[in-house]
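# Fold and geometry: a report
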Amino acid sequence: MPAPTPQPSWDSDSTRYLTPRTPGQSDAWAEEAAQDKRRGGQRLLGAGGVVPPDGIARALGLADGEEVIVRRRLILLDGSPVELADSYYPARVAAGTALAEPRKVPGGAVTLLADLGYTATRVEEAVTARMPTESEREALELGDNEPVLVLSRIVFAGDGLPMEACEMTMTAKERTLRYRMRLA
């Protein structure tokens, strides 16, 4: 009789970003940066309703022209820009919440979503590399021939529906994305 096939489970550096914070706990980026004795921060660039790009609309299962709530942030490391992070939420999840307002969300989006009954049960991520657009190059203070990494993430709630789609455009230098697999 053959041995049972191990069931893999994955863990990644993204896990901390999908876990609600407890009161007084620093945000996930500040926590990650502090592990390397660095300072992580972010600046909110905008928040509100928009018609998303086609790929985001498909990822969220939306009809053509259906609006989402988007939060756009510039992620900083020791005061320098290292990432542009755009998080898109279906209106059924985020309309009328603090996510739609251009202000800091205490505990972060993941904590607010959990308080609203939306917790991540499944996540899909894809990483690609490409040359940045001119606006990305400017925002991230990149040279002419510096590529970016793009981490695309879809987060699904317990009902199986997507509750968030993110696109994070990162500087490629000094950046490592880690994924670990456990075979049980």
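Think of each chain on its own: its residues are numbered from 1, step by step along the sequence as written. The predicted nature of this model means local features are confined to residues of pLDDT at least 70 and side-chain atom pairs, given and counted, to a pLDDT of 80 or more, with totals for whole chains, interfaces and linings taken over all residues. Side-chain descriptors were evaluated using all non-hydrogen atoms of the structure, hydrogens and water having been removed beforehand.

Turning next to the nonpolar core. Each nonpolar core is a collection of buried residues, namely Ala, Val, Leu, Ile, Met, Phe, Trp, Tyr and Cys, held together in the definition by side-chain atoms within 4.5 Å. When accessible area is computed with a 1.4 Å probe and restricted to protein chains, residues below 20% of their type maximum are described as buried, those above 50% as exposed, and intermediate ones as partly exposed. Tyr89, Leu99, Leu113, Tyr118 and Met163 are the most contacted members of the largest nonpolar core, which totals 15 residues. Helix and strand assignments follow DSSP, with helices taken as H or I runs no shorter than four residues and strands as E runs no shorter than two, numbered in order from the N terminus. The element best represented in this core is helix α4 (residues 108-115), accounting for three residues. We call two residues in contact when some of their heavy atoms are within 4.5 Å. Not counting the four nearest positions on each side in its chain, Tyr89 is found in contact with Val68, Ile69, Arg71, Ala94, Leu99, Ala109, Leu113, Met163 and Glu164. With eleven residues, the next largest nonpolar core counts Trp29, Leu77, Leu149 and Met170 among its residues.

Bringing the layout of surface pockets into the picture now. Roughly 350 Å³ of internal volume is contained in the second largest pocket. A pocket, in this scheme, is an open set of points on a 1 Å grid over the protein atoms alone with protein on both sides within 12 Å along at least 5 of 7 lines, while a cavity is a set where a 1.4 Å probe fits but cannot get out; residues line either one if an atom lies within 4 Å of a point. Forming the boundary of the second largest pocket are 14 residues, of which Trp10, Ser12, Thr15, Leu18 and Val123 lie nearest the centre. Of all the secondary-structure elements, those providing two or more residues to the lining of the second largest pocket are β1 (8-12) and β5 (120-130). In terms of residue count, the dominant contributor to the lining of the second largest pocket is β5 (six residues). In the lining of the second largest pocket, the residues fall into five nonpolar, five polar and four charged. Grid points are joined across faces, edges and corners, and a volume is the space filled by probe spheres set on the points. For this scheme, ten residues count as nonpolar: Ala, Val, Leu, Ile, Met, Phe, Trp, Tyr, Cys and Pro. Four count as charged, namely Asp, Glu, Lys and Arg, and the remainder, Gly too, count as polar.

Attention now moves to the pattern of salt bridges. Between Lys or Arg on one side and Asp or Glu on the other, a salt bridge is scored when a side-chain nitrogen of the former is within 4 Å of a carboxyl oxygen of the latter. One pass over the structure, following the stated rule, counts ten salt bridges. Linking Lys173 and Glu146 is a salt bridge whose minimum nitrogen-to-oxygen distance equals 3.5 Å. Taken as a pair, Lys173 in the loop between β7 (162-171) and β8 (179-183) and Glu146 in the loop between α5 (134-139) and β6 (148-157) lie far apart in primary sequence, 27 residues in all. Under the relative-accessibility criterion, Glu146 is labelled partly exposed at 23%. The structure contains a network of salt bridges with shared partners spanning Arg16, Arg21 and Glu31.

Right, let's get into the sheet that holds β6. Strand order in this open sheet of six strands is β2-β3-β4-β7-β6-β5, and the pairing throughout is antiparallel. Strand pairing shows two members of the sheet lacking a second neighbour, β2 (40-50) and β5, which therefore form its edges. The mean angle between the axes of side-by-side strands here comes to 15°, regardless of whether they run parallel or antiparallel. Where β6 and β7 come together, nine bridges link them in antiparallel fashion. The rule for pairing is simple: two strands pair if DSSP sees at least two bridges between them. Axes, fitted as lines to C-alpha atoms, cover a helix only where it is in contact. Angles between the N-to-C directions of the axes lie from 0 to 180 degrees.

It is worth spelling out the environment of Gly55 at this point. Positionally, Gly55 belongs in helix α2 (residues 54-59). The class of Gly55 is partly exposed, set by a relative accessible area of 39%. Taking the C-alpha atoms as reference, Gly55 lies 16 Å from Val123; in sequence the two are 68 residues apart.

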